[in-house]
Amino acid sequence: MTTANDSPILHLKDHGQSVWMDNLSRDLLVSGELVKLIDSRDVHGITSNPAIFEKAIAGNEIYDQEIEAGVRAGQSVDQIYETLVFDDIQRACDVLKPVYESSHGLDGYVSLEVPPNLAHDAEGTLAEARRYAAAIGRPNLMIKIPGTPEGLKAVEQTIRDGINVNVTLLFSVQSYIDTAWAYIRGLEGRLADGHDISAMASVASFFLSRIDSKVDNTLDQLAESDKSKRDQIAGLKGKVAIANAKLAYQEYKKIIQSDRWQALVANGANVQRLLWASTSTKNPAYSDVMYVDELIGPDTVNTLPPQTIEACADHCDVNSRIESDVDAAYAVIETLPTVGIDLEQVMDELLAEGIDKFIKPFDQLMDSLVMKVKQLSPA
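The residue numbers shown here count from 1 along each chain, following its written sequence. For this predicted model, a pLDDT threshold of at least 70 governs which residues receive local features, and a threshold of 80 or more governs which side-chain atom pairs are given and counted, while totals over whole chains, interfaces and linings are taken from all residues. Side-chain descriptors were evaluated using all non-hydrogen atoms of the structure, hydrogens and water having been removed beforehand.

What follows deals with the overall build of the protein. Strands here mean DSSP runs of E at least two residues long; helices mean DSSP runs of H or I at least four residues long; both are numbered from the N terminus. For the protein, the count of helices and strands is 16 helices and 8 strands. We take the radius of gyration over the C-alpha atoms and set the globule estimate at 2.2 Å times the residue count to the 0.38 power. Here the C-alpha atoms of the protein give a radius of gyration of 21 Å, agreeing with the 21 Å that 2.2 N^0.38 yields for 379 residues. Counting only C-alpha atoms and orienting by the principal axes, one finds that the protein spans roughly 70 × 50 × 45 Å. Buried residues in the protein amount to 55% of all 379 residues. Every residue pair with non-hydrogen atoms within 4.5 Å of one another is taken to be in contact. Looking at the protein alone, contacts between residues at least 24 apart form 79% of all its contacts between residues at least 6 apart. Surface accessibility of the protein: about 15900 Å² in total, with carbon and sulfur atoms responsible for 50%. A residue counts as positive if it is Lys or Arg and as negative if it is Asp or Glu; His and the chain ends are not included. For the purpose of locating charges, the reference atoms are NZ of Lys, CZ of Arg, CG of Asp and CD of Glu. Measuring between centres, the 34 positive side-chain charges of the protein sit 1 Å from its 57 negative side-chain charges. Buried residues are those whose accessible area, probed at 1.4 Å on protein chains only, stays under 20% of the maximum for their type, while exposed residues exceed 50% and partly exposed ones sit between those limits. Exposure was quantified through the Shrake-Rupley algorithm and a 1.4 Å probe, taking into account, for residues, occlusion by the shown protein chains and nothing else.

Another point: the state of the cysteines. When two cysteine sulfur atoms are found within 2.5 Å, that pair is recorded as a disulfide. Counted according to the given criterion, the structure contains 1 disulfide. The disulfide that involves C312 links it to C316, with 2.3 Å between the sulfurs. Given an S-S torsion of about -115 degrees, the disulfide between C312 and C316 has left-handed geometry. Residue classification places C316 among the buried residues on the basis of a relative accessible area of 8%.

Time to look at the UniProt feature "active site" (unreviewed entry) in the protein. UniProt positions are given in the numbering used here, feature names are shortened, and annotations may be inferred rather than shown by experiment. Residues annotated in UniProt with the feature "active site" (unreviewed entry) correspond here to K144. Looking at where K144 falls in the secondary structure, it is placed in strand β4 (residues 141-146). In this structure, K144 is in contact with T47, S48, N49, S111, L112, E113, V114, N166 and T168, ignoring residues within four places of it in sequence. N or O atoms within 3.5 Å of each other form a polar contact, as long as, within protein, one can give a hydrogen and the other can take it, and as long as residues adjacent in sequence are counted only when both atoms are side-chain atoms. A polar contact is formed between the side chain of K144 and the backbone oxygen of S48, at a distance of 3.1 Å.

Any Lys or Arg side-chain nitrogen found within 4 Å of a carboxyl oxygen on Asp or Glu counts as a salt bridge. A full pass over the atoms with the stated rule returns 24 salt bridges. The salt bridge partner of R91 is D87, with a shortest N-O separation of 3.3 Å. Residue R91 and its partner D87 are both found in helix α5 (residues 77-102); the two are separated by 4 residues, about one turn of the helix. The exposure class assigned to R91 is partly exposed, which follows from its relative accessible area of 33%. Given the relative accessible area of 18%, D87 is considered buried. Between R273 and D107 there is a salt bridge, and its shortest N-O distance comes to 2.9 Å. Placement of the pair is R273 in strand β7 (residues 273-277) and D107 in the loop between α5 and β3 (109-113), with a sequence separation of 166 residues. For R273, a relative accessible area of 4% translates into the label buried. D107 sits in the buried class, given a relative accessible area of 4%. When salt bridges with common partners are traced through the structure, they connect R26, E66, D87, D88 and R91 into a single cluster.

This part is about the nonpolar core. Soluble, globular proteins show a tendency: their nonpolar side chains are buried together. Take the buried residues of types Ala, Val, Leu, Ile, Met, Phe, Trp, Tyr and Cys, join any two whose side-chain atoms come within 4.5 Å, and each joined set is a nonpolar core. Counting 127 residues, the largest nonpolar core has I89 and Y176 as its most contacted members. Not counting residues up to four positions away in its chain, the partners in contact with I89 are L24, S48, F53, V110, S111, L112, I136 and L141.

This brings us to the sheet that holds strand β8 (residues 300-304). By way of backbone hydrogen bonds, the strands of a sheet pair with one another, either parallel or antiparallel. Two strands make a pair as long as DSSP finds a minimum of two bridges between them. Reading around the circumference, β1-β2-β3-β4-β5-β6-β7-β8 is the order of the 8 strands in this closed barrel, with parallel pairing throughout. The average angle at which neighbouring strand axes cross in this sheet is 30 degrees, direction not considered. Direction of pairing for strand β5 (residues 165-170) relative to strand β6 (residues 202-207): parallel, over a ladder of 4 bridges. Across the sheet, residue N166 finds its bridge partner in β6, namely V203. In this description, a line fitted to the C-alpha atoms serves as the axis of each element, helices being fitted only across the stretch in contact, and the angle between N-to-C directions of two axes falls anywhere from 0 to 180 degrees.

Viewed as axis vectors pointing N to C, helix α7 (residues 149-160) and helix α8 (residues 173-192) meet at an angle of 35 degrees, and their least axial separation amounts to 7 Å. As for the relative orientation of α7 and α8, their crossing is right-handed in sense. Only D178, T179, A182, Y183, R185, G186, L187, G189 and R190 of α8 make contact with α7, whose side of the interface consists of L152, V155, E156, I159 and R160. Ten residues, namely Ala, Val, Leu, Ile, Met, Phe, Trp, Tyr, Cys and Pro, are considered nonpolar, four, namely Asp, Glu, Lys and Arg, are considered charged, and the remaining ones, Gly among them, are considered polar. For the contact of α7 with α8, the residue count by class is 6 nonpolar, 3 polar and 5 charged. Handedness of a crossing is defined here by the sense of rotation of the near helix relative to the far one, left-handed for an anticlockwise turn of less than a right angle and right-handed for a clockwise turn.

Along the chain, S175 falls in helix α8. Among the residues examined, S175 registers a relative accessible area of 12% and is labelled buried. Within polar-contact distance, the side chain of S175 engages the backbone nitrogen of F171 at 3.5 Å.

Right, let's talk about helix α4 (residues 64-72) for a bit. Along α4, the residues that are buried comprise I67, G70 and V71. For α4, the angular spread of the buried residues around the axis is 100 degrees, confining them to a single face. Across α4 from its buried face, at more than 90 degrees, point the exposed residues Q65 and R72. Buried residues in α4 make contact with α5 and α16 (343-376). At the C-terminal side of α4, G74 shows a positive phi close to 75 degrees. To be clear, the arc concerns the directions from the helix axis to the C-beta atoms.

Here's what the structure looks like:
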């Protein structure tokens, strides 16, 4: 039986990987549960998104008093939303501040996403990133910006401004490469402006389970239509997301060896770590910790929902595997076109779907806040 002191999740850091949690709510903060998770599960960061806040706020009475105070103060629904969210983010930043300080800025971050309907609006994204950072006023805040072409323009300038960035919704290897160079250009610009870059931090959030869910579904359809390839197709199921991530890590290694990156290192730059996101296994036939076990390695972060944190604490098989079977990973990706899958098209669809999956809960949250404001408004 695994005990708290020898839990596998506590040993991920031995291989250069940090654990962040993909969850945030007022309950987690006021109950002291976040503090416990930092101590017992090595949770060293928090990520949030509109879907997480929709679950946290909608139907949860813990926020009602603050909503009612906003109503009495004459705040708009948008202002009430920001009051609730910014307060949670500030509290989480304060809880994680000791981690931020003891890790010398490696960990201890809390990520807050700009409104998802700005995913294709570079100027709007940049304006909100600046406003959010100023309003929250915490050094261990990361602003989440989707890795669209327009989003990456905002990323570059946000980094140049001195604001830490979590680039989210990355699916293709090329999208990761583009993200890494946006970070580098931002640091170069900040350095050219005469500013210190040694305190800047960024992560590139590379999504996993959504890839396998979509590709596996297509593989099943292809197997039905072409039974001659059934065995070949079966060998690809559940393999694409991890293979794709391993290829991204190989690109990371190339980038940090480049002359431009090394020039930044000489001026104190910190690497933009790859962060594994969407790590809860959707297919019950697969291991519930497959997106942890297979992608452990240096300069990475794994952001886990609560149930995956507990699964990993119980039975992760911890060892550095991010660079194991890389040839096999390349072979998986190279085989996809031969069975009828255009991976770039899949990645484009996943990005569009990912943005939509953030817009819908954001809209639902705002609708539920409108209802709560009406309920709590004086007659």
